[in-house]
Amino acid sequence: MSELLARHRAVIPNWVAVYYDEPIELVGGKGCRVTDAQGRGYLDFFAGILTNMLGYDVPEVRDAVERQIATGVVHTSTLYLIRNQVELAEKIAKLSGIDNAKVFFTNSGTEANETALLAALTARRADQVLAMRGSYHGRSFGAVSVTGNAAWKASSHSPFGTHYLHGADRHLLPYRDMSDADYVKACVEDLRALLAGGIHPADVGCLLAEPVQGVGGFTMPPDGLFAAYKEVLDEHGILLISDEVQTGWGRTGEHFWGISAHGITPDAMTFAKGLGNGFAIGGVVARGDLLDGIRGNGISTFGGNPVATAAANATIDYVLSHDLQRNAAVTGRLIIDGLREVTKSLDVVGAVRGKGLMFAVDLVDPATKKPSPPLAGQMLEATRERGLLIGKGGLYGHTLRMAPPLTLSEAEAKEGLAILTDALTEVNEEATTR
């Protein structure tokens, strides 16, 4: 055990996991590559869990932050006007497509989801929430309560009632052979039945949903499901909140917001992660009446601070001026198509899925075809040895999930694909010859 790892385990809670048999410390980065404390370089396909959206050491972001720091003002609180914050809110309100939108900034996606839930439940005077099976929305009391992934639920206590909908469970026997249309119909009928007999619609504040589930292993419903759900929700005045913490800013390639794949505009969206390209920032963009309707005084001490919003303004400007949504579509398609082709003959691969630069591979036992977390662990080690950093997750812990910076070049995409192919081939060979 390294000296730093021993110190980590002595003072950091044991539920704060670190990757790899021999965890690494990242000390340098440039573009889509990072360097560890031993001088080993890696192509980064996980980007700080989708947070270093532009990669590392981006001059435009660094310069914006340094200009703000040079003023001597790194924090004022929201009791004073913050020009960077107002400018960023104007951009996000316009990009959201939500009528009369307002924005409240936080420090993380967890806080953003808490704020959105507070706004929805206040507006509806409700104490029930709808969520998706397999979902993840953060680590705080309310966010954990609405999370639909048992491995990430730290407590069974809840400040409100949560009811879980279908949409990301196509792998289950009753649904696996359904067409998209039939699956959507079945999901909608289940929602109608829930609202007709399981709970009173007037008690429900909102549906909080990820367009593509992050921790859930980049699982996603068929395009159009949330539009069909919204028709039912609108009949009862139930609000729709899209958790865009991982899917926003063009990550999926086809749309700027993940929910747009369903052809609808939600009542609110939460965001975080990539917006600050590593600087801590999150928030909610919603109908102005919803955010204005939260009772009592409110403040976020560090949310929307001058430094984080300087970084976020520069990041959004870079995404738009460099058309990174298109780049995500092009490089993502190269990788996803490549993975689907090379894994056809690999017995350890159960599925390949994704949109843009958000893609995943399920690892299964070659004999039983059941989810195999140990094989996912082997793949993490195999890719690290070859100079590629990836993530893992999924409802069963057997999914490799990858989300490189949106600045990934086609050459880097091909390099990463080659490493994944080589590692998957090795793990497959070892698993099938035991």
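As a starting point, this report considers the structure included with it. Model, not experiment: these values are computed from the prediction.

Attention now moves to empty space enclosed by the protein. Applying the stated criterion across every chain, the model contains three cavities of 30 Å³ or more. Taken as a whole, the largest cavity holds about 50 Å³ of empty space. Taken together, Pro211, Val212, Met220, Pro221, Asp223, Thr252, Glu254, Gly258, Ala261, His262 and Lys355 make up the full set of residues lining the largest cavity. Grouping the amino acids of the lining of the largest cavity by side-chain chemistry returns five nonpolar, three polar and three charged. Put simply, the second largest cavity is a space of about 40 Å³. Around the second largest cavity, the lining residues are Ala116, Ala119, Ala120, Leu239, Ile241, Asp267, Ala268, Val284, Ala286, Leu290 and Leu291. Listing elements by their share of the lining of the second largest cavity, those giving two or more residues are helix 5 (109–124), strand 8 (239–243), strand 10 (282–287) and helix 9 (288–292).

One pass over the full model with this rule turns up ten aromatic pairs. Look at Phe105 and Phe271: their rings are 6.2 Å apart centre to centre, the planes differ by 70 degrees, and that puts the pair in the edge-to-face class. In this pair, Phe105 is assigned in strand 4 (residues 101–106) and Phe271 in strand 9 (residues 268–271), connecting sequence segments 166 residues apart. For Phe271, a relative accessible area of 0% puts it in the buried group. An aromatic cluster is present here, built from Phe105, Trp249, Phe256, Trp257 and Phe271 joined pairwise through their rings. Residue placement shows Arg384 over the ring face of Tyr20; its charged tip is 5.6 Å from the ring centre.

Here is what the cut-offs are and how they apply
- As a convention, each chain's residues are numbered from 1 in the sequence order in which they are written.
- Restriction of local features to residues with pLDDT of at least 70 applies here, the model being predicted, together with a cutoff of 80 or more for giving and counting side-chain atom pairs; totals for whole chains, interfaces and linings are based on all residues.
- For side-chain calculations, the full set of non-hydrogen atoms in the structure is used, while hydrogens and water are omitted.
- Here a cavity denotes a set of grid points, spaced 1 Å apart and computed over the protein atoms alone, in which a 1.4 Å probe fits but from which it cannot get out, and a pocket denotes an open set meeting protein on both sides within 12 Å along at least five of seven lines; residues with an atom within 4 Å of a point are reported as lining.
- Grid points are joined across faces, edges and corners, and a volume is the space filled by probe spheres set on the points.
- Amino acid classes used here: Ala, Val, Leu, Ile, Met, Phe, Trp, Tyr, Cys and Pro are nonpolar; Asp, Glu, Lys and Arg are charged; the rest, including Gly, are polar.
- Secondary structure elements are taken from DSSP: a helix is a run of H or I of four residues or more, a strand is a run of E of two residues or more, and numbering for both begins at the N terminus.
- For Phe, Tyr and Trp, where Trp contributes only its six-membered ring, two rings pair if their centres lie within 6.5 Å, and the inter-plane angle classes them as stacked under 30 degrees, edge-to-face over 60, or tilted in between.
- Each residue is placed in one exposure class: buried if its accessible area under a 1.4 Å probe, protein chains only, is under 20% of its type's maximum, exposed if it is over 50%, and partly exposed if it falls in between.
- Here, a charge over a ring is recorded when the distance from Lys NZ or Arg CZ to the ring centre is within 6 Å and its angle to the ring normal is within 35 degrees.

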